[in-house]
Amino acid sequence: IRWVRTHADRLGIDPNRIAAGGGSAGGHLAAATATLPGHDDAGGPAKVSCAPNALVLFNPALITAPVPDFPAPQEEKLKRLQLRLGAEPESMSPYHHIRPGLPPTISFHGENDTTVPYHSVEQFTEAMTAAGNRCELVGYPNQGHGFFNPSRGDGSSYRDTIRRMDDFLVSLGWLNQP
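Conventions adopted
- The residue numbers shown here count from 1 along each chain, following its written sequence.
- Local features are withheld for residues below a pLDDT of 70 in this predicted model, meaning they are given only at 70 or higher, and side-chain atom pairs are given and counted only at 80 or more; totals for whole chains, interfaces and linings count all residues.
- Excluding hydrogens and water, the side-chain values take into account all heavy atoms of the structure.
- In DSSP terms, a helix is any run of H or I states spanning at least four residues, a strand is any run of E spanning at least two, and both are numbered starting from the N terminus.
- Burial classes: relative accessible area under 20% of the type maximum marks a residue as buried, over 50% as exposed, and values in between as partly exposed (1.4 Å probe, protein chains only).
- Contacts were defined at the residue level, with two residues in contact if any of their heavy atoms lie within 4.5 Å.
- Using the Shrake-Rupley algorithm and a 1.4 Å probe, accessible areas are obtained, with residue cover drawn only from the displayed protein chains.
- At least two bridges found by DSSP between two strands is the condition for calling them paired.
- Whenever a helix is involved, its axis is fitted only over the stretch in contact; in every case the axis is a line through C-alpha atoms, and angles between N-to-C directions fall within 0 to 180 degrees.

Some remarks on the overall build of the chain
Counting its regular elements, the chain contains six helices and four strands. Of all 178 residues assigned to the chain, the portion counted as buried reaches 41%. Taking the intrachain contacts of the chain between residues at least 6 apart in sequence as the baseline, contacts between residues at least 24 apart amount to 75%. Accessible area of the chain: about 9,800 Å², with a carbon and sulfur share of 52%.

Here's what the structure looks like:
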C-alpha cells in the first residue's frame, strides 16, 4: 500500500483513495494492512501511510486467536495456525487490534461458510462498530466459502457483491453514481 501511495502520480490514482480487498486469506491480509501494528517495513518511508483508506473483504479470516464468548479453535489448530502465520496468532488477528479510526469496511460472507464461520465476521463487525468505525456486513443465506466467485452457480452472487461493493465506494465518494 505504501508503494502504491508513493507511486500514485505515476499510476494515475488518488493516494487518499486506496482500498485493500481480498477473499479468505486474502481478506485476512487486506484487513491486516489496516489493523495490525508492528508489522510495517522499518525501511519504508515512515511519513507515507501503509494503511488503506477502505477495506472490501470477501469471507475474510478476521479472528485468529481465542476470543471470550467465542468458540475457540482447538489447541492443535492453534499450533498449526501459529506455524502458518509465523507469529503468535493474536498478533496477526485483525479482531484483536480493533480500535477507533480504522477505515470504512464492507464484508461479504456466506452464512453457511464452514471454513471461516459467519459468526466470526459478525463478531468483528460488532466490535468495529462499537469502536466507532464504519463496518458493514452483507450476509448471503445458504452460501458457503467463496460463494461470490463468478465460476460458481449462475453468477448472480458475483454480480450482487460487485454491485454492493460499487455502492459502498459510491457512498465514500470514490465512484460516481451510475
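Right, picking up where we left off after that structure.
With respect to the sheet that holds strand S4 (residues 135-140)
The strands making up a sheet associate through hydrogen bonds between their backbones, and the pairing can be parallel or antiparallel. Spatially, the four strands line up as an open sheet ordered S1-S2-S3-S4, and their pairing is parallel. For this open sheet the edge positions go to strand S1 (19-23) and S4, each flanked by a neighbour on one side alone. For this sheet the average axis-to-axis angle between neighbouring strands, irrespective of direction, equals 10°. Pairing analysis gives six bridges linking strand S3 (residues 105-110) to S4, with the strands arranged parallel. Bridge pairing links Ile-106 to Glu-136 in S4. Contacting S1 and strand S2 (54-58), helix H3 (residues 25-35) runs over the sheet at an angle of about 155° to S1. Contacts from helix H5 (residues 118-130) reach S3 and S4, with the element oriented near 160° to S4.

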